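Summary of the model geometry
Now for the letters of each chain:
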Amino acid sequence: MYYDNKSSFYIRQYGPKVLCIVFVIVIAGTGLYIYMSNRSKTPTVDVTKQTIANQGSTTSQEEQKVDENVASLELPNKLESLKPLEKRTVKVSSIENNGELIIIDGETRFTANLIGLDFNTVEPDTIYQIGQDIANRQVQIAFDNTKCTGDKANVYVYLNDELYNAKLLEQGKIKLRSNDINKLLLKDLTESQAYAKQTRAGVWEY
């Protein structure tokens with residue numbers, strides 16, 4: 001086939017192919033733009049819905065925990081019969097890394113939480129210090145209105161007739177868990193933490 005010049009030859013030979021390639025690129029670019037636009041708009045809705053769903057799930061879990069707070073730990077009569085803040089001498093066998101105490105009373109062995117203390121952000125040194133203070137020692141414990149939460153007892157510990165829960169707060173070793181369901185001694189615990197803040201002790205040193 002004869003062409004007038006090289007330009008005509010290249011246009012007729014490669015022109016359709018180039019146009020096809022350009023058309024494909026335009027279509028692909030348009031599709032990609034639409035996809036990215038939709039994707040950039042979607043997360044706000046999805047995240048919002050997911051957040052609401054998560055909040056609902058969290059609420060349900062919290063409600064379930066409240067339902068489970070019925071005293072499933074069966075304390076012996078000698079402990080169950082104690083009135084709020086009535087003291088009883090027991091032995092602290094050990095302390096777990098999460099701050100839970102292993103308590104022995106005769107043949108009874110149970111796990112207990114220290115009322116009003118927040119162990120979620122506590123330093124390992126504090127756990128060690130508590131172990132040094134009361135592990136393998138005779139102490140006195142007292143209950144509040146809610147003696148058990150799930151399979152754990154809730155206790156105030158007295159060491160040498162001093163409220164140990166308050167002492168830890170006063171020294172700034174730990175922070176107060178103000179939303180604790182037991183509040184008979186909340187005023188004492190709050191004042192102990194206020195003193196630690198005022199003197200910038202422990203965790204309040206800044």
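Details of the structure are given in the entry above.
Residues numbered from 1 in each chain as written. Predicted model: local features only at pLDDT ≥ 70, side-chain atom pairs only at ≥ 80, totals over all residues. Heavy atoms only, no water.

1. Things to note about the overall build of the protein
Defined as follows: Only DSSP runs of H or I with at least four residues qualify as helices, and only runs of E with at least two residues qualify as strands; both kinds are numbered from the N terminus onward. Only protein chains enter the area calculation, which uses a 1.4 Å probe; residues under 20% of their type maximum are buried, those over 50% are exposed, and those in between are partly exposed. Contacts are residue-level and defined by heavy atoms, with any inter-residue pair within 4.5 Å sufficient. In short, Shrake-Rupley with a 1.4 Å probe defines the accessible areas, and a residue's cover is counted only from the protein chains shown.
Secondary structure assignment for the protein yields 5 helices and 9 strands. Taken from N to C terminus, the helices and strands of the protein fall in the order α-α-β-β-β-β-α-β-β-β-β-α-β-α. Sorting the 206 residues of the protein into buried and exposed places 32% on the buried side. The contacts in the protein between residues at least 6 apart in sequence include a share of 64% that link residues at least 24 apart. Here the protein displays about 13800 Å² of accessible surface, and carbon together with sulfur accounts for 52% of that area.

2. Structural notes on helix α5 (residues 186-199)
Test applied: A helix's residues, less one, multiplied by 1.5 Å, set its expected span. Directions are taken from the helix axis to each C-beta atom, and the arc is the one they span.
Taking 1.5 Å per residue, 14 residues should reach 20 Å; α5 reaches 20 Å between its end C-alpha atoms and fits that length. The complete set of buried residues in α5 reads Leu 189, Ser 192, Gln 193 and Ala 196. Down the axis of α5, the buried side of the element spans an arc of 95°, and every buried residue falls inside it. Looking at α5, the residues exposed on the side facing more than 90 degrees away from the buried face are Lys 187 and Gln 198. Elements that come into contact with the buried residues of α5 comprise β8 (162-163), α4 (164-170) and β9 (175-176). Of the residues flanking the end of α5, it is Arg 200, one or two places downstream, whose phi is positive at about 55°.

3. Structural notes on the packing of aromatic side chains
Threshold: A pair of aromatic rings is counted whenever rings of Phe, Tyr or Trp (Trp by its six-membered ring) have centres within 6.5 Å, and the orientation is called stacked for planes under 30 degrees apart, edge-to-face for over 60 and tilted otherwise. We call a charge positioned above a ring when the Lys NZ or Arg CZ atom is no farther than 6 Å from the ring centre and deviates by at most 35 degrees from the ring normal.
In this structure the tally under the stated criterion is 0 aromatic pairs. The positively charged end of Lys 87 is found above the aromatic ring belonging to Tyr 158, 4.1 Å away from the centroid.

4. Side note on helix α3 (residues 124-134)
Buried within α3 we find Thr 126, Ile 127, Ile 130, Gly 131, Asp 133 and Ile 134. Buried residues of α3, seen end-on, are gathered within an arc of 165° and therefore sit on one face of the element. Away from the buried face of α3 by more than 90 degrees, exposed residues Pro 124, Asp 125 and Tyr 128 are located. Looking at the buried residues of α3, the elements they touch are β1 (87-95), β2 (101-105), β5 (137-142), β7 (152-159) and α4. Positive backbone phi, approximately 60°, marks Asn 136, located one or two places after α3.

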